[in-house]
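Residues per chain, in single letters:
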Amino acid sequence: MKPDLHILFGTQTGTTEMVASDIDDTLNAAGIAPASVRGLDEIEAADLPGLGTALIICSTYGEGGMPDNAQAFYDAIMAEDAPRLSSLRFSVLAFGDSSYADFCAAGRKLDTRLSELGAIRIHDRTNCDIMYEDGAQSWTAGILAALTAPEDPADGPARAAPARPLIVFGTQTGTAEMVASDVEDALTAADIVPERIAGLDEIDPTDLARAGTALVVCSTYGDGGMPDNAQTFYETLTAADAPDLSALRFSVLALGDSSYADFCAAGRKFDARLAELGATRLHDLAKCDIVYEEQAEAWTAGVIAALKAAPAAAGKSAGAAPAPCTARDAPRWTRSNPYEATLVENRPLSGPGSAKEIRHYTLDLGEDGPRFEVGDALNILPVNDPVLVEAWLDRIALDRERSLPGFDAPLETLLARHFEISAPSRELIRYVAHRAGDAELTRLFDNGDREALDAWLWSKDALDLLDMVPGHRIDPGDAEQLLRPLAHRSYSIASSARVNPRLADLAVSTIRYIANGREHGGVASTMLSDRLEVGSKVRVFIVPNSAFRVPRDPDAPMIMVGPGTGIAPFRGFLQERQTTGAGGMNWLFFGDRTRAEDFIYEDELRAFEAAGVLTRLDLAFSRDQAGKVYVQDRMRAAAAELFAALEAGGHFYVCGDATRMAGDVDEALHEIVAREGGFDAGGAQTYVEALKREKRYVRDVY
């Protein structure tokens, strides 16, 4: 039997007490009930040898000080007569503020002293900054893995090995694949070796039936859509002849964006359909918002506990010496541990008369920073515009130096670095709709007409909405519910690491406009263009997108459709094909409003043409003639050649706007396949679906 478990907290403002309570809830949900949750002022040093296992969550007060309720406890364990603790198992979760030199000092001191007294660490200490959620969830997952590790044989009879689950992912931009890889790492660390990890376009439902246990990580595309690599699988799963899955145990981790009405729809659909086919939930569905780490870590911890509590059925166990599944390197640099890249270039791409402001940026990732491949995304953790932060402070009339319930950082820091104060959350929209007395907003929100509501919200940010309730002050306790966490901004990398592995190029359209009497701007795009000098640091991490790569066959034709900033990854593709000497045809469809002002990277594209790298360039500048012309029109004009390239094994790529362009291009592709291939609509659909299954039709759309 495992010894008793106690959660102890040292706190100054109440944050670590709240976190301790959250950890208690997580452990109870996993079937592990702590014996107590207590402040460090409620325990004596002499009690420690009899506790069994102690999980200590401790904040640091100011520059390296112990919180008030932990000082006497620390003094006691530092005394010469402090007890030996060889019978104690422990782990420390340390809280602090990295703006102080002695970061997380209190937790570090407790961790060191307990070890000096002979206590045994069951999990390494984690140091959490003011935005602590990711670190705390990761630590909790590690604690769960340690607590559910197999017992020593002397403690009781051996248990059957946990099942080796199949991990599958449905992804549009690579995030769900990255999360699936994180899940694999967590399971492996807990001595549960997955059978394998695969995209949903690499399996069919019968593979699930054979697996016995499956973990599904799936994002949602736009407002309720399946990601490209999951669509065919889902259609097969919902067909009349779908297999019986009564032998399957499963759990689904759904990724989405709560600003959409049909939040996490793809994952919810998978969860419901698998249950309809007779499968049994191993662990409940988890729905993650754009800042997903906390929910994903909790789901993973729950899955680990469930797998260890319910070992594999006969014939489905891991076996005595399971081989690891295909290795995927865990990223060192993540949202919770970003790399500080250096901005080394900032120059305009669009002309001065353009309706857009598109700029080229180069970020130096250093010798030890994240590495990337063409097709990957670089994610930026932005900081809100100080002018907007000041406007919020003026509007809500709260002391900038005070904090909010559950946070240690001052309000000014939270508004700058933690909260999304530009794009309104659905909770804020609901909050204003019920208080503003605006009949149109109330009607649109209550009717659930998403398209009409989006049109009404156009050009309005969160502060504009709050201003609809003059004189109203947000209760500090409501702020966290009304303001979403500030999300990273994702950009397709516009260069190849083969040219320089340290330098990542971006093509970014700067968002800025005037509405309701003040300037509005994109959080990250204006930070890059207006508020960062060359030489400034930018917090970044890479999200791999293994589906969006140049063809493995260097002789395969490559057809790219990328209007506007959608050209970004294809600049990298062309660099990649040039540096590797690939001989396949490279064909680019590019367009924008006007040739004179919006033909970004023109000189480079012409150089690629002159070098024989860019075989064909079809341009569509919509405003340069009486009738508007778009990239899909250029595709139709070259239908015979395009279909011939596909028949020759060509790969078809699309990058850019998901709202209109991606759908119009997809419609044109189906028309071309039908006309040139002699198919009816169903036959064209089958042909295009085959391209997707073969990863010869892939999209990076947003």
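Source: prediction; values computed, not measured.

(A) Fine view of the confidence of the model for the chain. Across the chain, the average pLDDT comes to 90, with 95% of residues at 70 or higher. Contacts from residues 152-159, a stretch scored under 50 in pLDDT, to residues over four places away or in other chains number five contacts. Residue range residues 313-330 is modelled with pLDDT below 50. Its contacts to residues more than four positions away, or to other chains, number 27 contacts.

(B) Spotlight on the pairing of strand β3 (residues 53-58). Counting buried residues in β3 gives six out of six residues, a clear majority hidden from the surface. Both faces of β3 are covered, namely the face carrying Thr53, Leu55 and Ile57 and the face carrying Ala54, Ile56 and Cys58. Relative to β3, strand β1 (residues 5-10) is paired through six bridges, and the arrangement is parallel. Its bridge partner lying in β3, Phe9 is registered against Ile57. Bridging between β3 and strand β4 (residues 89-95) involves six bridges; their strand directions are parallel. Note on β4: the bridge partner recorded for Ile56 is Val92. At this point the chain moves from β3, through helix α2 (residues 71-78), to the parallel β4, and the crossover so formed is right-handed.

(C) Main features of the packing of helix α18 (residues 568-580) against helix α20 (residues 602-610). Axis separation between α18 and α20 bottoms out at 12 Å; the angle between their running directions is 30 degrees. It follows that α18 is roughly parallel to α20 by the angle criterion. As α18 runs across α20, the sense of the crossing is left-handed. Taken together, the residues of α20 that come into contact with α18 (itself represented by Arg571, Leu574, Gln575 and Gln578) are Glu604, Leu605 and Phe608. Within the contact of α18 with α20, the residues separate by chemical class into three nonpolar, two polar and two charged.

(D) Empty space enclosed by the protein, seen in detail. For the structure on display, the rule yields one cavity of 30 Å³ or more. A volume near 80 Å³ is recorded for the largest cavity. Forming the walls of the largest cavity are Trp392, Ile396, Leu398, Leu404, Leu411, Leu415, Phe419, Ile474, Asp475, Pro476, Ala479 and Leu483. At the level of elements, α10 (386-396) and α11 (411-418) are the ones that each hand at least two residues to the lining of the largest cavity. Split by residue class, the lining of the largest cavity holds eleven nonpolar, no polar and one charged.

(E) Spatial organisation of the side chain of Asp201. Mapped onto the elements, Asp201 comes out in the loop between β8 (196-199) and α6 (205-211). In this structure Asp201 comes out as buried when scored by relative accessible area, which is 18%. A polar contact of 2.5 Å, which involves the side chain of Asp201, links it to the side chain of Lys695. Those residues in contact with Asp201, other than ones at most four positions away along the chain, are Asn229, Lys692, Arg693 and Lys695.

(F) Representation of the sheet that holds strand β23 (residues 616-621). Taken in spatial order, the five strands make up an open sheet running β23-β22-β21-β24-β25, and their pairing is parallel. Strands with a single pairing partner mark the edges of an open sheet, and in this sheet they are β23 and β25 (697-701). The sheet shows a mean angle of 10 degrees between the axes of neighbouring strands, direction not considered. Two strands pair when backbone bridges link them, and strand β24 (residues 651-656) and β25 are joined in this way by five bridges, in the parallel orientation. Bridge pairing in β25 links Phe652 to Tyr697. Sheet strands in contact with helix α23 (residues 661-677) are β21 (558-561), β24 and β25, and its direction is about 155 degrees off that of β24.

(G) Quick peek at the sheet that holds strand β14 (residues 358-364). If you trace the six strands from one edge of the open sheet to the other, you get β16-β15-β20-β13-β14-β17, paired in antiparallel fashion. With one partner strand each, in any of the chains shown, β16 (489-492) and β17 (503-509) form the two edges of the open sheet. Across the sheet, the mean angle separating the axes of adjacent strands is 40 degrees when strand polarity is ignored.

(H) The packing of aromatic side chains, seen in detail. Taken as a whole and judged by the stated rule, the model has 18 aromatic pairs. With 5.9 Å between their ring centres and 45 degrees between their planes, Phe233 and Phe270 make a pair best called tilted. A residue pair is termed long-range when its members are at least 10 positions apart, and Phe233 in helix α7 (residues 228-237) and Phe270 in helix α8 (residues 265-276) qualify at 37 residues. The exposure class of Phe270 is buried, given its relative accessible area of 1%. With a centroid separation of 5.7 Å and an interplanar angle of 45 degrees, the aromatic rings of Phe679 and Tyr687 are classed as tilted. Among the residues examined, Phe679 registers a relative accessible area of 33% and is labelled partly exposed. By relative accessible area, Tyr687 is classed as buried at 14%. Linked through ring pairs, Phe548, Phe570, Phe573 and Tyr653 together constitute an aromatic cluster. Above the face of the Tyr431 ring, Arg435 is positioned so that its terminal group lies 3.7 Å from the ring centre.

Conventions used here
- Per chain, residue numbering runs from 1 following the sequence as it is written.
- Whole-chain, interface and lining totals are the exception, using all residues; otherwise, since this is a predicted model, local features are given only for residues with pLDDT of at least 70 and side-chain atom pairs are given and counted only at 80 or more.
- Side-chain metrics rest on all non-hydrogen atoms present in the structure, leaving aside hydrogens and water.
- Residue-level confidence of the predictor is what pLDDT reports, using numbers from 0 through 100.
- Working rule for contacts: check all heavy atoms of both residues, and any pair within 4.5 Å makes them a contact.
- Exposure categories follow from relative accessible area, calculated using a 1.4 Å probe and restricted to protein chains: below 20% of the type maximum is buried, above 50% is exposed, and the middle band is partly exposed.
- Think of it this way: any DSSP run of H or I at least four residues long counts as a helix, any run of E at least two long counts as a strand, and we number them from the N terminus.
- Here a strand pair is declared whenever DSSP counts at least two bridges between the two strands.
- Clockwise travel from the first strand over the helix to the second, with the strands pointing away from the viewer, marks a crossover as right-handed.
- The axes are straight lines fitted to the C-alpha atoms, using for helices just the contacting stretch, and the angles between their N-to-C directions are given from 0 to 180°.
- For classification purposes, an angle smaller than 35 degrees is called roughly parallel, one larger than 145 roughly antiparallel, one from 65 to 115 roughly perpendicular, and anything else oblique.
- Each crossing gets its handedness from the near helix: less than a right angle anticlockwise from the far helix is left-handed, clockwise is right-handed.
- Side-chain classes follow a simple rule in which Ala, Val, Leu, Ile, Met, Phe, Trp, Tyr, Cys and Pro form the nonpolar group, Asp, Glu, Lys and Arg form the charged group, and the remainder, Gly included, forms the polar group.
- Only protein atoms enter the 1 Å grid, on which a cavity is a set of points fitting a 1.4 Å probe that cannot get out and a pocket is an open set with protein on both sides within 12 Å along at least 5 of 7 lines, lining residues being those with an atom within 4 Å of a point.
- Grid points are joined across faces, edges and corners, and a volume is the space filled by probe spheres set on the points.
- Counting of polar contacts relies on pairs of N or O atoms within 3.5 Å, with two restrictions inside protein: one atom must be capable of donating a hydrogen and the other of accepting it, and residues adjacent in sequence are counted only when both atoms are side-chain atoms.
- What counts as a ring pair is set by centres within 6.5 Å for rings of Phe, Tyr and Trp (its six-membered ring), and what kind of pair is set by the plane angle: stacked under 30 degrees, edge-to-face over 60, tilted for all other angles.
- Only when the NZ of Lys or the CZ of Arg is both within 6 Å of the ring centre and within 35 degrees of the ring normal is a charge said to sit over the ring.

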